[in-house]
Structures are given as C-alpha cells and as structure tokens.
Amino acid sequence: MIQLVVFNLDGTLVDAYRPVERSINYTMKKFGFPPVSAETIKKTVGWGDRYLLQSFVGEKDLDPILAVYRKHHQTSLKTGSKTLPGAKRVLNYLKQRGYKIAVASNRPTLFSDLLIRHLGLKDYFDYVLCGDRVHRPKPYPDILKTIMLKFDLCPAQCLYVGDMTIDIQTGQRAGIKTVAVVTGSSTKEELRELKPYALIKDIRDLVKILEDINGTD
C-alpha cells in the first residue's frame, strides 16, 4: 500500500519558469552576459540554482553573480508563479484520504518555502526537503531516502512524482516507484526512455494510478 506521495515542485506541481527567466536575464544583463532564451532556461532548471547560473556564466566569480540572482528572485518569484492545472485537486484528494505528502526539490529551501507559501500550498505538505539540506542533491537518492526515514517507511510504501529525467533517476536509485508527468522540462521521449513506473500527461492522472496500486476508488 502506498502511504506517502513525494512530489518534485517545479514543472510537477507549479509553474515558476517565467520568474526564473526574469531573474536569470536580469543577472545576465547586470554582469554583461548575453540573454538566455526561455526554452534554454526551462531545459536547464532542476539541478539547483548554482548549477543553473554556472551553465550560463561559468565557475569564475560565481558567488557574487549567484547572490544577485537570489536577491532578485525573492521578488520575481512572487509574480507569475502559479500552480499547474489539477495540482490542488490532486493534493486535496491525497489529504482527504490520509496520504502523507512531501516535496523533494533541488530548488533551495528559501525559495521552495517562499513559492509554497505564495501559492497557498503549505498546509498540504507534511514535509518539504530541498537539495541544500542533504549531502548530495538529486539525482542522488539521498533526498528520497531521508524523507522515507522521516516517516519510517520503506520504498514499497512510497511513490515519487516528477517531470524531469533527473527525477526518474533519483526515484529509481532510491528504489521507489516513480511517475513521470510531461508538464515540465523533459520531453515525453526523454522520460519514456528511462522507463518510469508510469508516464502521465496530466497530474490528475495520478489518482487512477494510486487507486490501481492500492486497490481503492
């Protein structure tokens, strides 16, 4: 029986790509770098903001550049972020049926908390763990193993839901059934190639998967 459902945040439950794009290009302009397209930024998110910035500016003097990005992003994140269609409906379904709900995100804790509160999602989650609070972020399995330990559950009692190939890799390395949803950064073909437990086009399809696994309706 699945007792815990763990979600990635960006591209799975929420859409905050536009605020990320604004903060990236504000920072690029400030430090004299060329702008980056929205499509390129979307494909690069998911590994944490340090990796994201480093992809565009390199390692040299990264810390002051990252500091400017983060300061801008605290404001930018509050404009243009939104929950994805059906996300709150699914969270309500899980909450009403007694599932434990957690978040596993490589987005830094400060910004994950800000985003969750801004979108009114805080009360849905029993636990939020981010990549800056574990020894090794995704695609290493540390974040999911820590969450399982928190609830004293084994992999067979958990389900992980994400939108990127990095999420599938993380779930598989943790031994957890991983559902991939095609609403984020990775394409359907990229996700299918890694053979997730299930591939869905809409987060609302998760309900049927849980009913099939747990034998409930």
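Above this text is the structure in question.
Presented here is a report on the structure given in the accompanying data block.

**Some thoughts on the pairing of strand β6 (residues 158-162)**
In terms of burial, β6 is a largely internal element, 5 of the 5 residues being buried. By the alternation rule, side chains of β6 split into Cys-158, Tyr-160 and Gly-162 and Leu-159 and Val-161, which are all buried. Chirality of the crossover, the property in question, places the unit of β6, helix α8 (residues 165-174) and strand β7 (residues 177-181) among those that are right-handed.

**So, the pairing of β7**
Of all 5 residues that make up β7, 4 are buried, and the element is covered over most of its length. Where β6 meets β7, 4 bridges bridge the pair, whose relative direction is parallel. Paired with Val-161 across the strands is Val-179, a residue of β7. Two elements, β7 and strand β8 (residues 198-200), share 3 bridges in a ladder whose sense is parallel. Its bridge partner being in β8, Ala-180 is matched across the sheet by Leu-199. The parallel pair β7 and β8 is bridged by helix α9 (residues 188-193), and the resulting crossover is right-handed.

**Comments concerning the side chain of Thr-170**
Relative to the helices and strands, Thr-170 is located in helix α8. A distance of 3.5 Å separates the side chain of Thr-170 from the backbone oxygen of Pro-139, its partner in a polar contact. The residues contacting Thr-170, other than those within four sequence positions of it, are Lys-138, Pro-139, Tyr-140, Pro-141, Ile-143 and Leu-144.

**Focus: the pattern of salt bridges**
On inspection of all chains with the given rule, the structure shows 10 salt bridges. For the salt bridge of Arg-70 with Asp-49, the shortest nitrogen-to-oxygen distance reads 2.8 Å. Pair noted here: Arg-70 is in helix α4 (residues 62-76) and Asp-49 is in helix α3 (residues 49-57), with a separation of 21 residues, a long-range link. On the basis of relative accessible area, Asp-49 is assigned to the buried category, the value being 9%.

**Brief notes about the sheet that holds strand β5 (residues 127-130)**
An order of β5-β4-β1-β6-β7-β8 is seen for the 6 strands of this open sheet, with the pairing classed as parallel. Each edge of the sheet is formed by a strand with only one pairing partner; in this case those strands are β5 and β8. Across the sheet, the axes of successive neighbouring strands diverge by a mean angle of 20°, strand direction being ignored. Helix-sheet contacts for α8 involve β6 and β7, and the interaxial angle to β7 is about 170°.

Conventions and cut-offs
- Residues numbered from 1 in each chain as written.
- Predicted model: local features only at pLDDT ≥ 70, side-chain atom pairs only at ≥ 80, totals over all residues.
- Heavy atoms only, no water.
- Buried < 20%, exposed > 50% of the residue type's maximum accessible area, 1.4 Å probe, protein only.
- Helix = DSSP H or I, 4+ residues; strand = E, 2+ residues; numbered from the N terminus.
- Right-handed = clockwise from strand over helix to strand, strands pointing away.
- Pairing = 2+ DSSP bridges.
- Polar contact = N/O pair within 3.5 Å; in protein donor to acceptor, adjacent residues only side chain to side chain.
- Contact = heavy atoms within 4.5 Å.
- Salt bridge = Lys/Arg side-chain N within 4 Å of Asp/Glu carboxyl O.
- Axes fitted to C-alpha atoms, helices over the stretch in contact; angles between N-to-C directions.

Any functional reading would require information that these geometric values do not contain.
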